Amino acid sequence: MRKVLILNGPNLNKLGEREPEVYGSTSLADIEAMCTAYGNENGFQVDFRQSNDEVDLINWLQEAASSGTSVIINPAAYTHTSVAIRDAASMLTAPLIEVHLSNPLSREEFRHTSLVSGVATGTIAGFGAQSYLLALAALSNL
Ligand code: DQA
């Protein structure tokens, strides 16, 4: 089984109740269950984590860099602000896929810049909870 770390940034613990018109009605626990089931069927051992704290995300990326683990990350608002998360992501040696539930490019201008995209293998955005499964599918072919 190939290990994949799926990291989620701030406020994603509130999915389901948070702006459902933008992010849908699926909870983060539902997304974790979807990813775990898809992973089991496709040879991935999924390690799914969320934090509202930038420090946790940085430490988890460093852990993945040290162990050569592939990462799927939804950095949430830190996408647009965190040089520290980008720098940690730069250290990864295995593929990194950036995901978003919404399409940030079709939203407010401050969401149009991703500091993470430039160091990601690729980005999947705008497909709601499906974005995560599309990222796993992409990873299985990398
Ligand atoms: C998000 C998009 C970000 O702009 C926003 O800050 C989020 C969620 C998404 O998944 O669509 O928190 O990453």
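Here is what the cut-offs are and how they apply
- Sequence positions are assigned chain by chain, starting from 1 and proceeding in written order.
- With pLDDT at 70 or above as the cut-off, local features in this predicted model cover only qualifying residues; side-chain atom pairs require 80 or more to be listed or tallied, and sums for whole chains, interfaces and linings still use all residues.
- Excluded from the side-chain calculation are hydrogens and water; included are all heavy atoms of the structure.
- For the exposure calls, accessible area comes from a 1.4 Å probe over protein chains only, and a residue counts as buried if that area is under 20% of its type's maximum, exposed if over 50%, partly exposed in between.
- Labels follow the DSSP assignment, with helices taken as runs of H or I lasting at least four residues and strands as runs of E lasting at least two, numbered in each case from the N terminus.
- Pairs of strands are assigned from DSSP output, requiring at least two bridges between the strands.
- Convention used here: a crossover is right-handed provided that the path from the first strand, over the helix, to the second strand proceeds clockwise when the strands point away from the viewer.
- Take a side-chain nitrogen of Lys or Arg and a carboxyl oxygen of Asp or Glu: if they are within 4 Å of each other, that pair is a salt bridge.
- What makes a nonpolar core is a set of buried Ala, Val, Leu, Ile, Met, Phe, Trp, Tyr and Cys residues whose side-chain atoms join them at distances within 4.5 Å.
- Pairs of residues are marked as contacts when any of their non-hydrogen atoms sit within 4.5 Å.
- The rule for a residue being near a molecule or strand is that one of its heavy atoms must lie within 4 Å of it.
- Counting of polar contacts relies on pairs of N or O atoms within 3.5 Å, with two restrictions inside protein: one atom must be capable of donating a hydrogen and the other of accepting it, and residues adjacent in sequence are counted only when both atoms are side-chain atoms.
- Note on areas: Shrake-Rupley with a 1.4 Å probe; residue coverage comes only from the protein chains shown.

1. With respect to the pairing of strand 4 (residues 96–100)
Then step 1. The buried fraction of strand 4 amounts to 5 of the 5 residues, a majority that puts the element mostly inside the structure.
Then step 2. The two faces of strand 4 match: L96, E98 and H100 on one face and I97 and V99 on the other face are all buried.
Then step 3. The pairing of strand 3 (residues 70–74) with strand 4 spans 3 bridges and is parallel. Counterpart to I72 in the pairing with strand 4 is I97.
Then step 4. As for the winding sense of the linkage, the β-α-β connection from strand 3 through helix 4 (residues 83–90) to strand 4 is right-handed.
Then step 5. Sheet analysis places strand 4 next to strand 5 (residues 122–125), joined by 4 bridges and oriented parallel. Bridge assignment links E98 to a residue of strand 5, and that residue is T123.

2. With respect to the pattern of salt bridges
Then step 1. The final tally for this structure, using the stated rule, is 6 salt bridges.
Then step 2. For D47, the salt bridge goes to K3, with nearest N and O atoms at 3.8 Å. Of the two residues, D47 sits in strand 2 (residues 44–50) while K3 sits in strand 1 (residues 2–8), which places them 44 residues apart along the sequence.
Then step 3. For D47, the salt bridge goes to R49, with nearest N and O atoms at 2.7 Å.
Then step 4. On the basis of relative accessibility, which here comes to 18%, the residue R49 falls in the buried class.
Then step 5. A single network of salt bridges, built from pairs that share partners, joins K3, D47, R49 and E63.

3. Points about the nonpolar core
Then step 1. Within the largest apolar cluster, 23 residues are counted, with the highest numbers of intra-cluster contacts made by I6, C35, I72 and Y132.
Then step 2. Going through the elements one at a time, strand 1, helix 2 (28–42), strand 2, strand 4 and helix 5 (130–140) are the ones with two or more residues in this core.
Then step 3. In terms of residues, this core owes the most to one element, helix 5, which gives 5 residues.
Then step 4. Not counting residues within four places of it along the chain, the set of residues in contact with Y132 comprises I6, N8, L12, I31, C35, F48, I72, N74, V99 and L101.
Then step 5. W60, A88, V116 and A120 belong to the second-largest nonpolar core, a separate cluster that totals 18 residues.

4. Some thoughts on the site of the ligand
Then step 1. Near the ligand you find R18, Y23, N74, A76, A77, H80, H100, L101, S102, R107 and R111, and these make up its full shell.
Then step 2. Separating an oxygen atom of the ligand from a side-chain N or O atom of H80 is a distance of 2.7 Å.
Then step 3. Contacts to the ligand include L101, whose backbone N or O atom sits 2.8 Å from an oxygen atom.
Then step 4. Considered on its own, the ligand offers 320 Å² of accessible surface; in the complex 99% of this is hidden by protein.

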